[in-house]
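An overview of the molecular structure
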Amino acid sequence: MSRWQQLFESNERLFWTLHSVGWAGFALIYYIGSFLHDVRPIWVFIILLNAYAGWLLTIPLRYVFRWARKLSPLKMITTVILACYVVALVWAVVKNVNYWEIYKHGYRPDAWYLYFTNTINSLIMVGCWTGTYFGIKNFQMLQKEKQNALKASTMAHQAHIKMLRYQLNPHFLFNTLNAISTLILLKENDIAEAMVSRLSDFLRYSLDNDPIKRVTLGEEIKVLRLYLEIEKVRFDDRLDVVWDIEPDCESALVPGMILQPLIENAIKHAISTMENGGQISISARTFGNDLLMDVADNGPGAEIKDGQLHRENGVGLVNIKERLQSLYQRNFAFSVEHNQPSGIRVRLRIPYEV
């Protein structure tokens, strides 16, 4: 069953339930009021007939109002008032017939127009039904608009996250393809072939992974190891990686590919600039309800102002911060500081969730 069919059936059930309950309530109140002057069974029967007539006569109003809502405001108001008056008039005649022909045993009024009396009382009741109908419809419309606005906001939010995530792939791909091109020029075909194979595996994982969904840190570490294998083809023994991951952290949920840009920056701005290579340290631990992650290098370092790393044309760190902002609002921390004795250390704090 489609969503629209479910919504239609839900609205149908709601209408018939409220419609029937409303007229049952009218009959009950009318019956309680009859204690003041008449409680004979015949009067109870008249009450039930009048309530049933009201239940039956107001059903067409639903379809008239549904059509009238598509008209201009003036035409809609005119149509609603006219329809209410016609229904109230017919209902008043039915009630008077029930009163004179059944309750009074055929004792008819002196003039025929007396069958049209008490139309105002009937109009008040029909007006209450109409007000309730439009009130519920407007409430449903307002709720639908809120849901649509929330859905649009969510879709825009997800699109923003995807944009931030996919912005990294061309950046990494350019660097890797440039390295492969260099290897080919140097006739290092075997190394270039191995690098292409690992690149293929890495991109397959990257593209198959939904940027909106979070992954476990264990999965993130697997793809990081795959990425580092690609980089080790380039740097060989010049790249040393130290892992310090607490066992409890591997099941924690983290944004996919959140650490890769940090490692890429460390390789680009630290390891590649050092003649003898360098070391990258990756750690993760829990602290209370938070997950703490660090990526540090022992490179030459860089200028840090107000906790921000200043590099020309850098998108990785800004990208990460914006992704964390989108996913966790204010419940995160992201800082860049000098590592000791040298290098840069980037710290991340996000909620520990499994």
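Heads up: these notes are all about the structure in this document. (Residues numbered from 1 in each chain as written. Predicted model: local features only at pLDDT ≥ 70, side-chain atom pairs only at ≥ 80, totals over all residues. Heavy atoms only, no water.)

Another point: the packing of helix α2 (residues 41-57) against helix α4 (residues 73-103). Viewed as axis vectors pointing N to C, α2 and α4 meet at an angle of 160°, and their least axial separation amounts to 10 Å. As the angle between them shows, α2 and α4 are arranged roughly antiparallel. Every pair of crossing elements has a handedness; the one defined by α2 and α4 is right-handed. Counting all contacts with α2, which are made through Ile42, Trp43, Phe45, Ile46, Leu49, Asn50, Ala53, Gly54 and Leu57, the residues of α4 involved are Val87, Val90, Trp91, Val94, Lys95, Asn98, Tyr99, Ile102 and Tyr103. Across the contact of α2 with α4, the residue classes tally to 14 nonpolar, three polar and one charged. (Axes fitted to C-alpha atoms, helices over the stretch in contact; angles between N-to-C directions. Helix = DSSP H or I, 4+ residues; strand = E, 2+ residues; numbered from the N terminus. Parallel < 35°, antiparallel > 145°, perpendicular 65-115°, else oblique. Left-handed = near helix turned anticlockwise from the far one by under 90°. Contact = heavy atoms within 4.5 Å. Nonpolar A, V, L, I, M, F, W, Y, C, P; charged D, E, K, R; others polar.)

Right, let's talk about α4 for a bit. Over its 31 residues, α4 runs 43 Å from end to end, which matches the ideal 45 Å to within 8%, given 1.5 Å per residue. Residue histidine 105 follows α4 closely and has a positive phi angle near 55°. (Expected span 1.5 Å × (residues − 1).)

Omega for the bond connecting glutamine 340 with proline 341 falls within 30 degrees of zero, at 5°, which places this linkage in the cis form. Topologically, proline 341 is positioned in the loop between β8 (333-338) and β9 (344-351). Located in the positive-phi region is glutamine 329, a residue other than glycine, with phi close to 55°. Turning to its location among the elements, glutamine 329 is positioned in the loop between α10 (316-328) and β8.

A word on the environment of leucine 123. Here leucine 123 lies in helix α5 (residues 119-166). Using a relative accessible area of 27% as the deciding quantity, one classes leucine 123 as partly exposed. Residues leucine 123 and tyrosine 85, spaced 38 residues apart in sequence, show a C-alpha to C-alpha distance of 6.2 Å. Leave out the neighbours within four places in its chain, and leucine 123 touches Cys84, Tyr85 and Ala88. (Buried < 20%, exposed > 50% of the residue type's maximum accessible area, 1.4 Å probe, protein only.)

All right, on to the pattern of salt bridges then. Evaluation of the coordinates by the stated rule reveals six salt bridges. We note a salt bridge from glutamate 12 to arginine 62, for which the minimum N-O separation is 2.7 Å. Of this pair, glutamate 12 sits in helix α1 (residues 3-33) while arginine 62 is found in helix α3 (residues 59-68), placing the two residues 50 residues apart along the sequence. We classify arginine 62 as buried; its relative accessible area is 3%. Notably, a salt bridge pairs glutamate 353 with arginine 214, separated by 2.3 Å at the nearest N-O pair. With a gap of 139 residues between them, glutamate 353 in the segment after β9 and arginine 214 in strand β1 (residues 214-216) connect regions that are remote in the sequence. According to the relative accessible area criterion, arginine 214 is partly exposed, its value standing at 34%. Salt bridges sharing partners connect three or more residues here, namely Asp294, Glu337, Arg345 and Arg347. (Salt bridge = Lys/Arg side-chain N within 4 Å of Asp/Glu carboxyl O.)

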